[in-house]
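Here's the letter readout for the chains.
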Amino acid sequence: MKRERIARGWTLDQLAERSGVSRRMIINVEQAAANPSLETLLRISDALGMGLPALVEPPAAKTVKVTRAGEGATLWRGELGGYGMLMAGTEPPNVVELWEWVLPSGDRHDSDPHAGGTRELLHVTEGSITVSAGAETYDLVVGDTVSFYADVEHSYHNPHDAQARFVLCAYEPGVGIAHGSETESA
């Protein structure tokens, strides 16, 4: 993150202003002294004009990247042991992310709205979950799939007795395009 901030010639205050994340949190993240929330990382990656995968993964020298089971970047951990693991992603401007999510019984993840136009596609592979997007709520079981715009508050919840698992694909169009033009005109 620090490398990307400096490459743009931005101060800590400039990144804080563009991302809506406090200067203190940015310092802590750059020094690996904090465990930021997924929403914080999304705000920072959007402000930097890069996809979340590019922010959290080391630069890849190969054109093919294999992520072995359990080796993705775990970017969310629930109070009951659930997790959201980023398995793969593409480069800007049209970022696609592939996630593996596990929600034990009772676990829940609430998400702030993502950037305008962001879409999520979710496919349940184990158990059942409740997905809320804006004012809509959907109960899904194994084999069910939902697609929704994620530029509204949304959540994944497992109110059932058994563990749930799902695969999520997030599409965020135009990452960095607005920020790139701001940088060029500044």
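Residues numbered from 1 in each chain as written. Predicted model: local features only at pLDDT ≥ 70, side-chain atom pairs only at ≥ 80, totals over all residues. Heavy atoms only, no water.

Q: Hey, could you run me through the overall build of the protein chain in this one?
A: Assigned secondary structure in the protein chain consists of six helices and 10 strands. Compactness check: the protein chain gives a C-alpha radius of gyration of 17 Å against a globular reference of 16 Å for 186 residues, within 12% of the reference. Based on the C-alpha atoms only, the size of the protein chain along its principal axes is roughly 50 × 35 × 35 Å. The 186 residues of the protein chain split such that 41% are buried. A fraction of 63% describes how many contacts in the protein chain between residues 6 or more apart in sequence connect residues 24 or more apart. Carbon and sulfur atoms form 51% of the exposed surface of the protein chain, whose accessible area is close to 9800 Å². Counting 15 positive and 26 negative side-chain charges, the protein chain places the centres of these two groups 10 Å from one another. (Helix = DSSP H or I, 4+ residues; strand = E, 2+ residues; numbered from the N terminus. Rg over C-alpha atoms; globule rule 2.2 N^0.38 Å. Buried < 20%, exposed > 50% of the residue type's maximum accessible area, 1.4 Å probe, protein only. Contact = heavy atoms within 4.5 Å. Areas by Shrake-Rupley, 256 points an atom, 1.4 Å probe, with all protein chains shown as cover. Lys, Arg positive; Asp, Glu negative; His and termini not counted. Charge placed at Lys NZ, Arg CZ, Asp CG, Glu CD.)

Q: Looking at this model, I keep getting lost on helix H4 (residues 38–48). Mind explaining?
A: For an α-helix, 3.6 residues make a turn, and residues three or four places apart therefore share a direction. Of all the 11 residues making up H4, nine are buried; the element is thus mostly covered by neighbouring parts of the structure. Among all positions of H4, only Leu38, Glu39, Thr40, Leu41, Leu42, Ile44, Ser45, Ala47 and Leu48 are buried. Downstream of H4 by a residue or two, Gly49 has a phi angle that is positive, lying close to 75 degrees.

Q: In this structure, what is going on with the pattern of salt bridges? I would like to understand it.
A: Side chains that differ in charge, positive against negative, can pair when their charged atoms come close. Enumeration according to the criterion identifies seven salt bridges in this entry. One salt bridge connects Glu4 with Arg8, and the closest N-O pair in it is separated by 2.8 Å. According to the relative accessible area criterion, Arg8 is partly exposed, its value standing at 26%. What you see here is one network of salt bridges that share partners, running through Glu100, Glu126 and Arg165. (Salt bridge = Lys/Arg side-chain N within 4 Å of Asp/Glu carboxyl O.)

Q: I would appreciate a short explanation of the environment of Thr130 in the present structure.
A: Position of Thr130 relative to the elements: it lies in strand S6 (residues 128–133). The class for Thr130 is buried, based on a relative accessible area of 12%. Sequence separation of Thr130 and His157 is 27 residues, and the distance between their C-alpha atoms is 5.1 Å. Sequence-distant contacts of Thr130, that is, excluding residues within four places in its chain, are made with Thr137, Tyr138, Asp139, Ser155, Tyr156, His157 and Pro159. A distance of 2.7 Å separates a polar atom in the side chain of Thr130 from a polar atom in the side chain of Asp139. (Polar contact = N/O pair within 3.5 Å; in protein donor to acceptor, adjacent residues only side chain to side chain.)

Q: For this particular structure, what's the right way to read the confidence of the model for the protein chain?
A: Note that predicted coordinates carrying low pLDDT should not be read in detail. Per-residue pLDDT for the protein chain has a mean of 87; in total, 91% of the residues score no lower than 70. Taken as a whole, residues 179–186 scores under 50 in pLDDT and shows six contacts with residues more than four places along the chain or in a different chain. (pLDDT = per-residue confidence, 0-100.)

Q: Sorry, what's going on with the packing of aromatic side chains here?
A: Centre distance and the angle of the planes are the two values used to describe a pair of aromatic rings. In the structure shown here, the tally under the stated rule is five aromatic pairs. The lysine or arginine in question, Arg8, covers the ring of Trp10, its NZ or CZ lying 6.0 Å from the ring centre. Note that Arg119 overlies the ring of Tyr149, its terminal NZ or CZ placed 4.3 Å from the centroid. (Phe/Tyr/Trp six-rings, centres within 6.5 Å; stacked < 30°, edge-to-face > 60°. Lys NZ or Arg CZ within 6 Å of the ring centre and 35° of its normal.)

Q: I tried to follow the sheet that holds strand S8 (residues 145–149) on my own but got confused; where do I start?
A: Two modes of strand pairing occur in sheets, parallel and antiparallel, and in both the strands are linked by backbone hydrogen bonds. Pairing within the open sheet is antiparallel, and its six strands lie in the order S1-S2-S3-S10-S5-S8. Since the sheet does not close on itself, it has two edges, and those belong to strand S1 (73–77) and S8, each with one partner. Within the sheet, the average angular offset between the axes of one strand and its neighbour, ignoring direction, is 25 degrees. (Pairing = 2+ DSSP bridges. Axes fitted to C-alpha atoms, helices over the stretch in contact; angles between N-to-C directions.)

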